[in-house]
Amino acid sequence: MLADKNILIGVTGGIAAYKVVEVASRLKKSGANVRVMMTKNATEFVSPRTFQEITGNAVSVEMFGDAANFHVAHIALADFADAILIAPATANFLAKMAHGICDDLLTTTVLACDKKIIVAPSMNTKMFDNPATQSNLQILRERGVKILEPATGELACGTTGKGRLPEPVEICAAVEKIFTDKILSGKKILVTAGGTVEAIDPVRYIGNRSSGRMGCEIAKTAADSGAQVTLIAGKIEVEPPKNLTVIRVESATQMREEVLKIFDSVDAVIMSAAVADFRVKNPAAQKIKKSDEMTLELVKNPDILRELGTLKQNQILIGFAAETQNVLEYAKKKLAEKNLDFIVANDVTAEGAGFSVPTNIASIIWRDGTVESFPKMKKSALAEKIIERVANLSGDRKISTVNDA
Ligand code: CTP
């Protein structure tokens, strides 16, 4: 189940740390490459050597010095992980994680990680029920962290109640589930990608620098998440993903037609295409011959997303704003004017953002003005962020049932 997956286990200082030896062993037997990080307190309960023998990998404890072969350990460990499991997670660790405190290798690595994180709290019942712990857990849940409910039973402190670490087999099942969870199953998603091509004559066109990478990553992630995806693509520099329906178009007018054909039946539209704002009024039927001067008369193209904003019933609408200045201000304006659920904004002039590179530096802006700013990340990682948010929104709204077409 977990073949080729890199799982980073963070062990904090709880008595249940001994159970995590079995978790590490089971994950390894499922095919995962497992690394363990421990807080200093955790080493009071289980020796790092135990985890090292079980996983076959060096165990990291110290912020400086002991992460063999790793340069800048916390970043390397965060990059290594496809998912991080924190088990057992103490109340102290949860409080630090919820508030972004990073005062050791584990908390720093977690803060530097933009992958899936599962947390298995384990503590005394009163500590677990304390409003401080509950509110920290709520903060983490809202950020998309998966929280495993502790089991009820006899606790190490001699009392009985909620707070036991779930059994290793259950923890491992939860880890497997995050890789197989189809958060968009039963949903239909329309994604547009690439740049439109507006003909000047049969051989020339007005185009733009969009590569289609971001849109293709979003379409792929949506399909991998179980959605039935239609990708409407203009000019793209990458191969479109395989497990979805691809409709190729050239102009903004064609893109609009194809989008409108299926708009009523989809749950969400993610308009990542760079749609040309203008087209040539009268494209020449034959190749235009050289002359000293030439004037092209342009007319305005339809704004597809704006139109969808006026037509939308329950559909989720996501737009993009590629800007070169005043990014947030312009993006907020577009979000409101186009009646979107959120907009993904980026400064295309920033290094590591923009058209032909595999990374992006983006912010997501919500209708209530909330801004989520992400560090530079792979377009595939940003696609995951976008799809997670679409899945959260679509949980409450029902538009399509797949197979009804
Ligand atoms: N969009 C669209 N139809 C258009 C233009 C843009 O559907 N004719 C969509 C894009 O796919 C993107 C968002 O609207 O999701 C971008 O909006 P906007 O920035 O208004 O497009 P620009 O043409 O870049 O606008 P401006 O020139 O004002 O910056």
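Description of the structure in this document. Just so it is clear, the model here is predicted, and its values are computed rather than measured.

### With respect to the pattern of salt bridges
Applying the stated criterion across every chain yields a total of 23 salt bridges. As a salt-bridge pair, Glu 167 and Arg 164 come within 3.7 Å of each other at their nearest N and O atoms. For Glu 167, a relative accessible area of 35% corresponds to the partly exposed category. A residue is classified by how much of its surface remains accessible, and Arg 164, at 28% relative accessible area, is partly exposed. Among the ionic pairs, Asp 303 bridges to Lys 338, the shortest N-O distance being 2.8 Å. Taken together, the residues span a long stretch of sequence, with Asp 303 in the loop between β15 (298–300) and α11 (304–311) and Lys 338 in the loop between α12 (327–337) and β17 (342–347) at a distance of 35 residues. Of the residues examined, Asp 303 reaches a relative accessible area of 27% and is grouped as partly exposed. The buried category is assigned to Lys 338, whose relative accessible area is 15%.

### As for the pairing of strand β13 (residues 268–271)
By the alternation rule, side chains of β13 split into Ala 268 and Ile 270 and Val 269 and Met 271, which are all buried. Summarising the sheet, strand β8 (residues 188–193) and β13 pair through four bridges and their orientation is parallel. The residue of β13 that forms the bridge with Thr 192 is Met 271. Pairing of β13 with strand β16 (residues 316–323) involves four bridges; the strand directions are parallel. The residue of β16 that forms the bridge with Val 269 is Leu 317.

### Some words on the sheet that holds strand β20 (residues 371–373)
The sheet built from eight strands is open, its strands ordered β12-β11-β8-β13-β16-β17-β19-β20 with mixed pairing. Because the sheet does not close on itself, it has two edges, and the strands there are β12 (245–248) and β20. Adjacent strand axes in the sheet meet at a mean angle of 15 degrees when their direction is disregarded. Sitting on the sheet, helix α13 (residues 379–394) is in contact with β8, β13, β16, β17, β19 (362–366) and β20, with an inclination near 165 degrees to β17.

Cut-offs applied
- Residues numbered from 1 in each chain as written.
- Predicted model: local features only at pLDDT ≥ 70, side-chain atom pairs only at ≥ 80, totals over all residues.
- Heavy atoms only, no water.
- Salt bridge = Lys/Arg side-chain N within 4 Å of Asp/Glu carboxyl O.
- Buried < 20%, exposed > 50% of the residue type's maximum accessible area, 1.4 Å probe, protein only.
- Helix = DSSP H or I, 4+ residues; strand = E, 2+ residues; numbered from the N terminus.
- Pairing = 2+ DSSP bridges.
- Axes fitted to C-alpha atoms, helices over the stretch in contact; angles between N-to-C directions.
- Contact = heavy atoms within 4.5 Å.

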